[in-house]
Amino acid sequence: MSIVEIADEIYKLKEKIVLIYAFNTTGKTRLSIAYKNATKSESRHTGVYYNAFSEDLFSWDNDIENDESNIRLMIKKSSLNKFHSLFTEEDVMKKLELYKPKYNFFFDYIDDDMEKGIEGIRFIVGQSEEDQEQIKISRGEERIFVWCLFLAMFEVEGWADEQNAHFFIDDPVSSLDDHNIFITATTLYALIEKHFEHRKIIITTHHIGIYSILSNWLTKGEKADKYKKNTKQLIVNRKEEGLQLEPIRKSIFLYHLHLLQTLDKANSENSLVTFHFALLRQVLENIASFLGVGQFSYVLNQIGIENEDEVSNILNVLAHEKVYRYQTEKMNPDNELLFNNILEKLKDKYQFVLRTE
(Lines give C-alpha, C1' and ligand atoms only; values in the text may rest on other atoms or scores of the structure.)
Protein backbone atom coordinates (compact mmCIF):
# COMPACT_ATOMS: atom_id res chain seq x y z
CA MET A 1 0.00 0.00 0.00
CA SER A 2 1.03 3.57 -0.51
CA ILE A 3 0.69 6.32 2.08
CA VAL A 4 -2.23 7.73 0.08
CA GLU A 5 -3.99 4.35 0.07
CA ILE A 6 -3.53 4.02 3.84
CA ALA A 7 -4.95 7.52 4.34
CA ASP A 8 -7.99 6.53 2.27
CA GLU A 9 -8.46 3.35 4.35
CA ILE A 10 -8.38 5.34 7.58
CA TYR A 11 -10.85 7.85 6.12
CA LYS A 12 -13.29 5.04 5.32
CA LEU A 13 -13.22 3.57 8.85
CA LYS A 14 -16.53 3.89 10.68
CA GLU A 15 -14.84 4.06 14.09
CA LYS A 16 -14.43 7.57 15.52
CA ILE A 17 -11.22 6.79 17.43
CA VAL A 18 -8.28 5.42 15.45
CA LEU A 19 -5.14 4.45 17.35
CA ILE A 20 -2.18 3.61 15.09
CA TYR A 21 1.21 2.24 16.08
CA ALA A 22 4.16 2.52 13.68
CA PHE A 23 7.92 2.47 14.03
CA ASN A 24 9.84 5.68 13.50
CA THR A 25 10.65 6.36 9.82
CA THR A 26 7.55 4.44 8.70
CA GLY A 27 5.96 7.65 7.43
CA LYS A 28 3.54 8.85 10.12
CA THR A 29 4.04 12.53 9.32
CA ARG A 30 3.53 11.87 5.61
CA LEU A 31 0.41 9.92 6.54
CA SER A 32 -1.00 12.97 8.33
CA ILE A 33 -0.36 15.07 5.20
CA ALA A 34 -1.90 12.42 2.95
CA TYR A 35 -4.94 12.34 5.23
CA LYS A 36 -5.18 16.13 5.07
CA ASN A 37 -5.10 16.03 1.27
CA ALA A 38 -7.61 13.18 1.14
CA THR A 39 -10.12 15.03 3.29
CA LYS A 40 -9.87 18.54 1.85
CA SER A 41 -13.13 20.07 0.76
CA GLU A 42 -12.97 22.75 -1.92
CA SER A 43 -9.27 23.30 -1.06
CA ARG A 44 -10.13 23.92 2.62
CA HIS A 45 -8.87 21.80 5.50
CA THR A 46 -11.68 19.94 7.21
CA GLY A 47 -9.70 18.90 10.27
CA VAL A 48 -6.97 20.03 12.64
CA TYR A 49 -3.47 18.56 12.72
CA TYR A 50 -0.64 18.27 15.19
CA ASN A 51 2.51 16.84 13.63
CA ALA A 52 6.17 17.59 12.93
CA PHE A 53 5.14 20.65 10.92
CA SER A 54 3.46 22.04 14.03
CA GLU A 55 6.67 21.64 16.05
CA ASP A 56 8.71 23.19 13.21
CA LEU A 57 6.95 26.50 13.77
CA PHE A 58 9.05 26.89 16.93
CA SER A 59 12.78 27.72 17.12
CA TRP A 60 15.10 29.36 19.62
CA ASP A 61 16.59 32.84 19.42
CA ASN A 62 19.51 32.39 21.79
CA ASP A 63 20.40 36.10 21.76
CA ILE A 64 24.11 35.28 21.69
CA GLU A 65 25.11 38.88 20.93
CA ASN A 66 23.66 39.98 24.29
CA ASP A 67 24.93 37.08 26.40
CA GLU A 68 21.58 35.28 26.11
CA SER A 69 19.86 37.99 28.12
CA ASN A 70 16.70 37.83 25.97
CA ILE A 71 16.66 34.17 24.98
CA ARG A 72 13.22 33.30 23.60
CA LEU A 73 11.30 30.53 21.88
CA MET A 74 10.21 32.11 18.61
CA ILE A 75 7.11 31.25 16.58
CA LYS A 76 7.22 31.49 12.80
CA LYS A 77 4.42 33.39 11.14
CA SER A 78 1.74 31.10 9.79
CA SER A 79 -1.97 30.90 9.14
CA LEU A 80 -2.36 30.17 12.86
CA ASN A 81 -1.25 33.68 13.87
CA LYS A 82 -4.82 34.93 13.56
CA PHE A 83 -5.80 32.64 16.46
CA HIS A 84 -3.02 33.73 18.86
CA SER A 85 -5.02 36.57 20.35
CA LEU A 86 -7.79 34.15 21.33
CA PHE A 87 -5.89 32.39 24.10
CA THR A 88 -3.69 33.58 26.94
CA GLU A 89 -0.72 32.48 29.00
CA GLU A 90 -3.22 31.35 31.66
CA ASP A 91 -4.98 29.07 29.15
CA VAL A 92 -1.69 27.37 28.25
CA MET A 93 -0.65 27.15 31.91
CA LYS A 94 -3.88 25.27 32.71
CA LYS A 95 -2.81 22.62 30.20
CA LEU A 96 0.75 22.64 31.53
CA GLU A 97 -0.25 22.20 35.17
CA LEU A 98 -0.47 18.43 34.79
CA TYR A 99 3.24 18.39 33.91
CA LYS A 100 4.14 20.59 36.92
CA PRO A 101 6.37 23.09 35.06
CA LYS A 102 9.15 24.74 37.08
CA TYR A 103 9.01 28.02 35.14
CA ASN A 104 6.67 30.83 34.26
CA PHE A 105 6.35 32.27 30.76
CA PHE A 106 5.12 35.31 28.89
CA PHE A 107 4.09 35.95 25.30
CA ASP A 108 5.69 38.71 23.24
CA TYR A 109 3.41 39.82 20.42
CA ILE A 110 4.53 41.11 17.03
CA ASP A 111 4.80 44.93 17.33
CA ASP A 112 3.06 44.53 20.71
CA ASP A 113 -0.13 43.87 18.77
CA MET A 114 -2.02 40.74 19.88
CA GLU A 115 -3.94 40.65 16.62
CA LYS A 116 -0.67 40.09 14.70
CA GLY A 117 0.12 37.01 16.74
CA ILE A 118 2.81 35.76 19.12
CA GLU A 119 6.38 36.53 18.09
CA GLY A 120 8.23 34.80 20.94
CA ILE A 121 7.89 33.32 24.40
CA ARG A 122 10.07 34.25 27.40
CA PHE A 123 10.58 31.58 30.07
CA ILE A 124 11.31 32.82 33.59
CA VAL A 125 12.53 31.12 36.78
CA GLY A 126 12.91 32.70 40.21
CA GLN A 127 10.36 33.91 42.74
CA SER A 128 11.41 37.48 43.50
CA GLU A 129 12.22 40.16 40.96
CA GLU A 130 15.88 40.05 42.03
CA ASP A 131 16.05 36.27 41.56
CA GLN A 132 14.25 36.09 38.24
CA GLU A 133 16.18 34.77 35.27
CA GLN A 134 15.18 34.34 31.64
CA ILE A 135 16.06 30.78 30.62
CA LYS A 136 16.06 28.28 27.80
CA ILE A 137 13.95 25.28 28.76
CA SER A 138 15.05 21.74 27.90
CA ARG A 139 14.09 19.98 24.68
CA GLY A 140 11.64 17.76 26.56
CA GLU A 141 10.08 20.77 28.33
CA GLU A 142 9.87 22.58 25.00
CA ARG A 143 7.94 19.73 23.37
CA ILE A 144 5.54 19.58 26.31
CA PHE A 145 5.06 23.35 26.14
CA VAL A 146 4.34 23.32 22.40
CA TRP A 147 1.87 20.44 22.83
CA CYS A 148 0.07 22.32 25.61
CA LEU A 149 0.00 25.53 23.57
CA PHE A 150 -1.73 23.58 20.79
CA LEU A 151 -4.11 21.99 23.29
CA ALA A 152 -5.08 25.52 24.34
CA MET A 153 -5.40 26.59 20.71
CA PHE A 154 -7.69 23.62 19.94
CA GLU A 155 -10.26 25.35 22.14
CA VAL A 156 -10.29 28.79 20.49
CA GLU A 157 -13.21 29.74 18.32
CA GLY A 158 -12.71 29.66 14.58
CA TRP A 159 -10.16 26.86 14.26
CA ALA A 160 -10.95 23.45 15.70
CA ASP A 161 -14.66 24.24 15.93
CA GLU A 162 -14.84 25.14 12.22
CA GLN A 163 -12.38 22.52 10.91
CA ASN A 164 -14.35 19.98 12.88
CA ALA A 165 -14.21 16.76 10.85
CA HIS A 166 -11.28 15.31 12.76
CA PHE A 167 -8.18 15.72 14.89
CA PHE A 168 -5.05 14.07 13.51
CA ILE A 169 -2.41 13.86 16.25
CA ASP A 170 1.01 12.49 15.29
CA ASP A 171 3.36 11.68 18.17
CA PRO A 172 2.56 14.71 20.35
CA VAL A 173 5.66 14.22 22.46
CA SER A 174 8.67 11.97 22.39
CA SER A 175 11.79 11.31 24.43
CA LEU A 176 9.95 11.88 27.70
CA ASP A 177 10.25 10.02 30.97
CA ASP A 178 7.52 7.57 31.97
CA HIS A 179 5.67 10.07 34.18
CA ASN A 180 5.33 12.62 31.39
CA ILE A 181 4.33 9.94 28.91
CA PHE A 182 1.50 9.02 31.30
CA ILE A 183 0.49 12.68 31.60
CA THR A 184 0.51 13.07 27.81
CA ALA A 185 -1.70 9.99 27.46
CA THR A 186 -4.02 11.68 29.97
CA THR A 187 -4.24 14.82 27.81
CA LEU A 188 -5.00 12.71 24.73
CA TYR A 189 -7.67 10.75 26.59
CA ALA A 190 -9.25 14.04 27.70
CA LEU A 191 -9.21 15.24 24.08
CA ILE A 192 -10.91 12.00 22.97
CA GLU A 193 -13.48 12.20 25.75
CA LYS A 194 -14.44 15.75 24.83
CA HIS A 195 -14.55 15.42 21.05
CA PHE A 196 -14.96 11.85 19.82
CA GLU A 197 -18.74 11.97 19.47
CA HIS A 198 -18.53 14.85 17.02
CA ARG A 199 -15.37 14.19 15.02
CA LYS A 200 -12.92 11.45 14.13
CA ILE A 201 -9.73 11.43 16.18
CA ILE A 202 -6.66 9.77 14.68
CA ILE A 203 -3.60 9.31 16.88
CA THR A 204 -0.36 7.91 15.48
CA THR A 205 2.64 7.13 17.62
CA HIS A 206 5.87 5.16 17.70
CA HIS A 207 5.81 5.21 21.52
CA ILE A 208 4.60 1.92 22.96
CA GLY A 209 3.90 3.54 26.34
CA ILE A 210 1.38 6.02 24.98
CA TYR A 211 -0.11 3.40 22.69
CA SER A 212 -0.53 0.81 25.45
CA ILE A 213 -1.98 3.24 28.00
CA LEU A 214 -4.56 4.61 25.56
CA SER A 215 -5.35 1.14 24.25
CA ASN A 216 -6.05 -0.15 27.74
CA TRP A 217 -8.09 2.88 28.79
CA LEU A 218 -10.20 2.80 25.62
CA THR A 219 -10.83 -0.95 25.48
CA LYS A 220 -10.49 -2.15 29.09
CA GLY A 221 -10.88 0.93 31.28
CA GLU A 222 -13.90 1.89 33.35
CA LYS A 223 -15.40 3.69 30.35
CA ALA A 224 -14.58 0.92 27.86
CA ASP A 225 -18.28 0.30 27.17
CA LYS A 226 -18.41 3.81 25.80
CA TYR A 227 -15.23 3.73 23.73
CA LYS A 228 -14.46 0.15 22.71
CA LYS A 229 -16.92 -0.14 19.85
CA ASN A 230 -15.78 3.26 18.57
CA THR A 231 -12.07 2.43 18.65
CA LYS A 232 -9.97 0.93 15.87
CA GLN A 233 -6.43 -0.20 16.72
CA LEU A 234 -4.01 -0.51 13.83
CA ILE A 235 -0.35 -0.90 13.06
CA VAL A 236 1.51 0.35 9.99
CA ASN A 237 4.29 -2.01 8.94
CA ARG A 238 6.90 -1.48 6.28
CA LYS A 239 7.23 -4.55 4.07
CA GLU A 240 9.28 -5.21 0.97
CA GLU A 241 6.25 -4.63 -1.19
CA GLY A 242 5.41 -1.35 0.58
CA LEU A 243 3.45 -0.33 3.64
CA GLN A 244 0.71 -2.41 5.23
CA LEU A 245 -2.08 -1.21 7.50
CA GLU A 246 -3.03 -4.09 9.77
CA PRO A 247 -5.36 -4.50 12.75
CA ILE A 248 -3.94 -5.19 16.18
CA ARG A 249 -5.26 -8.67 16.80
CA LYS A 250 -4.95 -8.73 20.54
CA SER A 251 -6.55 -6.29 22.91
CA ILE A 252 -3.23 -5.81 24.70
CA PHE A 253 -0.42 -4.91 22.37
CA LEU A 254 2.75 -6.55 23.60
CA TYR A 255 5.60 -4.58 22.14
CA HIS A 256 8.39 -7.05 22.78
CA LEU A 257 6.39 -9.84 21.11
CA HIS A 258 5.74 -7.64 18.11
CA LEU A 259 9.46 -6.88 17.82
CA LEU A 260 10.41 -10.53 18.23
CA GLN A 261 7.86 -11.59 15.66
CA THR A 262 9.24 -8.99 13.22
CA LEU A 263 12.80 -10.21 13.81
CA ASP A 264 11.88 -13.88 13.63
CA LYS A 265 10.04 -13.38 10.34
CA ALA A 266 12.95 -11.43 8.80
CA ASN A 267 15.33 -14.13 10.00
CA SER A 268 13.28 -16.99 8.56
CA GLU A 269 12.84 -15.17 5.25
CA ASN A 270 16.57 -14.39 5.03
CA SER A 271 15.81 -10.70 4.76
CA LEU A 272 17.82 -9.37 7.68
CA VAL A 273 19.17 -5.83 7.32
CA THR A 274 21.31 -3.75 9.66
CA PHE A 275 18.24 -1.98 11.05
CA HIS A 276 17.15 -5.22 12.73
CA PHE A 277 20.02 -4.88 15.21
CA ALA A 278 18.29 -1.76 16.55
CA LEU A 279 15.11 -3.75 17.10
CA LEU A 280 17.04 -6.61 18.71
CA ARG A 281 18.63 -4.18 21.15
CA GLN A 282 15.17 -2.84 22.05
CA VAL A 283 14.03 -6.38 22.88
CA LEU A 284 17.08 -6.94 25.07
CA GLU A 285 16.53 -3.60 26.83
CA ASN A 286 12.87 -4.45 27.49
CA ILE A 287 13.82 -7.79 29.03
CA ALA A 288 16.58 -6.19 31.10
CA SER A 289 14.13 -3.58 32.36
CA PHE A 290 11.58 -6.31 33.25
CA LEU A 291 14.28 -8.20 35.17
CA GLY A 292 15.21 -5.03 37.06
CA VAL A 293 18.71 -4.59 35.70
CA GLY A 294 20.13 -1.62 33.90
CA GLN A 295 22.33 -3.21 31.24
CA PHE A 296 21.15 -5.59 28.54
CA SER A 297 24.54 -7.33 28.72
CA TYR A 298 23.00 -9.10 31.76
CA VAL A 299 20.41 -10.67 29.46
CA LEU A 300 23.13 -11.69 27.02
CA ASN A 301 24.89 -13.45 29.89
CA GLN A 302 21.67 -15.13 31.02
CA ILE A 303 20.97 -16.59 27.59
CA GLY A 304 24.50 -17.95 27.34
CA ILE A 305 26.33 -15.44 25.15
CA GLU A 306 30.06 -15.51 25.88
CA ASN A 307 31.93 -12.20 26.19
CA GLU A 308 28.64 -10.42 26.84
CA ASP A 309 30.28 -7.00 27.36
CA GLU A 310 32.07 -7.21 24.04
CA VAL A 311 28.91 -8.37 22.27
CA SER A 312 26.85 -5.58 23.88
CA ASN A 313 29.41 -3.05 22.59
CA ILE A 314 29.07 -4.50 19.10
CA LEU A 315 25.28 -4.31 19.36
CA ASN A 316 25.47 -0.70 20.53
CA VAL A 317 27.54 0.24 17.50
CA LEU A 318 25.38 -1.66 15.02
CA ALA A 319 22.17 -0.35 16.55
CA HIS A 320 23.23 3.27 16.96
CA GLU A 321 20.73 5.59 15.35
CA LYS A 322 23.35 7.42 13.27
CA VAL A 323 24.49 4.13 11.87
CA TYR A 324 21.23 2.32 11.22
CA ARG A 325 19.09 5.19 10.02
CA TYR A 326 20.32 5.01 6.45
CA GLN A 327 21.57 1.44 6.44
CA THR A 328 19.01 -0.93 5.04
CA GLU A 329 21.45 -3.18 3.24
CA LYS A 330 21.63 -6.88 3.97
CA MET A 331 23.73 -7.94 6.95
CA ASN A 332 27.18 -9.30 6.24
CA PRO A 333 27.72 -13.01 7.14
CA ASP A 334 29.49 -12.29 10.44
CA ASN A 335 26.73 -9.94 11.65
CA GLU A 336 24.06 -12.36 10.50
CA LEU A 337 25.72 -15.14 12.51
CA LEU A 338 25.84 -12.93 15.60
CA PHE A 339 22.21 -11.90 15.15
CA ASN A 340 21.06 -15.50 14.71
CA ASN A 341 22.94 -16.66 17.76
CA ILE A 342 21.38 -14.02 20.03
CA LEU A 343 17.85 -14.39 18.65
CA GLU A 344 17.76 -18.18 18.87
CA LYS A 345 19.18 -18.19 22.40
CA LEU A 346 16.63 -15.57 23.45
CA LYS A 347 13.76 -17.67 22.12
CA ASP A 348 15.18 -20.83 23.67
CA LYS A 349 15.74 -19.27 27.10
CA TYR A 350 12.40 -17.48 27.51
CA GLN A 351 10.15 -19.63 25.28
CA PHE A 352 8.24 -16.68 23.82
CA VAL A 353 5.00 -17.62 22.09
CA LEU A 354 5.26 -15.88 18.73
CA ARG A 355 2.25 -15.61 16.46
CA THR A 356 2.88 -16.82 12.93
CA GLU A 357 1.02 -15.39 9.94
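Undergrad: Which residues make up the packing of aromatic side chains, and what values do they have?
TA: In the structure shown here, the tally under the stated rule is 25 aromatic pairs. Between the aromatic rings of Tyr21 and Tyr211, the centroid separation amounts to 5.9 Å while the plane-to-plane angle is 85 degrees, which identifies the pairing as edge-to-face. Here Tyr21 is found in strand S1 (residues 17-22), whereas its partner Tyr211 is found in helix H7 (residues 208-220), with 190 residues between them in sequence. With respect to burial, Tyr21 and Tyr211 carry one shared label: buried. Consider the rings of Phe277 and Phe339, whose centres lie 5.6 Å apart with planes at 85 degrees: the pair is edge-to-face. On the criterion of sequence distance, the pair formed by Phe277 in helix H10 (residues 275-291) and Phe339 in helix H14 (residues 333-350) is long-range, its members being 62 residues apart. Taking relative accessible area as the criterion, Phe277 reaches 0% and is therefore assigned buried. The exposure class assigned to Phe339 is buried, which follows from its relative accessible area of 0%.

Undergrad: I'd love a proper account of the environment of His166, names of residues and values included.
TA: Position of His166 among the secondary structure elements: in strand S8 (residues 166-170). The class for His166 is buried, based on a relative accessible area of 2%. Residues His166 and Tyr11 lie 155 residues apart in sequence; the distance between their C-alpha atoms is 10.0 Å. Once residues lying within four places of it in the same chain are set aside, the contact partners of His166 are Tyr35, Thr39, Thr46, Gly47, Val48, Tyr49, Arg199, Lys200 and Ile202.

Undergrad: Please give an account of the packing of H10 against H14 that cites residues and values.
TA: Where H10 meets H14, the closest approach of the two axes is 11 Å, and the angle between their N-to-C directions is 30 degrees. With respect to their mutual orientation, H10 and H14 come out roughly parallel. For the pair H10 and H14, the crossing hand works out as left-handed. Between H10, through His276, Phe277, Leu280, Val283, Leu284, Ile287 and Leu291, and H14, the contact on the second element is made entirely by Asn335, Leu338, Phe339, Ile342, Leu346 and Tyr350.

Undergrad: Explain helix H2 (residues 28-38) residue by residue, including any values.
TA: Taken residue by residue, H2 has Lys28, Leu31, Ser32, Ala34 and Tyr35 as its buried positions. On an axial view of H2, the arc spanned by its buried residues comes to 165 degrees, and they lie on one face. On its buried face, H2 sits against helix H1 (3-12), S1, strand S2 (48-50), S8 and strand S9 (200-205).

Undergrad: Give a detailed account of the packing of helix H4 (residues 89-96) against helix H5 (residues 139-153), specifying residues and quantitative values.
TA: Where H4 contacts H5, the two axes come as close as 8 Å, and the packing angle between them is 120 degrees. Here the hand of the crossing between H4 and H5 comes out right-handed. Of H5, the residues touching H4 (which contributes Asp91, Val92, Lys95 and Leu96) are Ile144, Phe145, Cys148, Leu149, Leu151 and Ala152. In terms of residue class, the contact of H4 with H5 is made up of eight nonpolar, no polar and two charged.

Undergrad: How would you summarise the confidence of the model for the protein if you had to cite specific residues and measurements?
TA: Put simply, the protein has an average pLDDT of 86, and 92% of its residues get 70 or more. Per-residue pLDDT stays below 50 along residues 321-327; that stretch engages in eight contacts with residues further than four places along the chain or on separate chains.

Undergrad: Kindly report on the sheet that holds S1, identifying the contributing residues and their values.
TA: If you trace the six strands from one edge of the open sheet to the other, you get S2-S8-S9-S1-S10-S11, paired in mixed fashion. The open sheet is flanked by S2 and strand S11 (242-247), the only strands paired with a single partner. Pairwise comparison of adjacent strand axes, ignoring direction, gives a mean angle of 15 degrees for this sheet. The pairing of S1 with strand S10 (residues 231-239) spans six bridges and is parallel. Looking at the pairing, Ala22 lines up with Val236 of S10. Along the sheet, H7 makes contact with S1, S9 and S10, crossing S1 at roughly 150 degrees.

Undergrad: Which residues make up the nonpolar core, and what values do they have?
TA: By size, the foremost hydrophobic cluster in this structure holds 91 residues, and its most contacted members are Ile121, Phe145, Phe150, Phe154 and Ile342. Of the residues forming this core, the biggest block, 10 residues, is contributed by H5. Formed by 17 residues, the second largest nonpolar core is a distinct cluster that contains Leu31, Tyr35, Val236 and Leu243.

Undergrad: Lay out the pattern of salt bridges with the relevant residues and their values.
TA: A pair can form between side chains of opposite charge whenever their charged atoms are brought close. Within this structure, the stated rule accounts for 14 salt bridges. Ionic pairing is found between Asp264 and Lys347, a salt bridge with its closest N-O pair at 2.6 Å. Linking Asp264 in helix H9 (residues 255-268) with Lys347 in helix H14, this pair joins segments that are 83 residues apart in sequence. Residue classification places Lys347 among the partly exposed positions, given a relative accessible area of 22%. The partner of Glu344 in a salt bridge is Lys347, and the shortest N-O contact between them spans 3.5 Å. In this pair, Glu344 and Lys347 both sit in helix H14, three residues apart, roughly one turn of the helix. Among the residues examined, Glu344 registers a relative accessible area of 37% and is labelled partly exposed.

Undergrad: Please set out a nonpolar patch on the surface residue by residue, giving values where relevant.
TA: A grouping of Phe290, Leu291 and Tyr298 is seen on the molecular surface, where their side chains present a nonpolar patch of about 350 Å² in accessible area. Residue position: Phe290 is located in helix H10. Overall, Phe290 belongs to the exposed group, its relative accessible area being 72%.

Analysis parameters
Residues numbered from 1 in each chain as written. Predicted model: local features only at pLDDT ≥ 70, side-chain atom pairs only at ≥ 80, totals over all residues. Heavy atoms only, no water. Phe/Tyr/Trp six-rings, centres within 6.5 Å; stacked < 30°, edge-to-face > 60°. Helix = DSSP H or I, 4+ residues; strand = E, 2+ residues; numbered from the N terminus. Buried < 20%, exposed > 50% of the residue type's maximum accessible area, 1.4 Å probe, protein only. Contact = heavy atoms within 4.5 Å. Axes fitted to C-alpha atoms, helices over the stretch in contact; angles between N-to-C directions. Parallel < 35°, antiparallel > 145°, perpendicular 65-115°, else oblique. Left-handed = near helix turned anticlockwise from the far one by under 90°. Arc of directions from axis to C-beta. Nonpolar A, V, L, I, M, F, W, Y, C, P; charged D, E, K, R; others polar. pLDDT = per-residue confidence, 0-100. Pairing = 2+ DSSP bridges. Core = buried A, V, L, I, M, F, W, Y, C linked by side-chain atoms within 4.5 Å. Salt bridge = Lys/Arg side-chain N within 4 Å of Asp/Glu carboxyl O. Patch = residues over 30% accessible without salt bridge, like charges linked within 9 Å, V, L, I, M, F, W, Y side chains within 5 Å. Areas by Shrake-Rupley, 256 points an atom, 1.4 Å probe, with all protein chains shown as cover.

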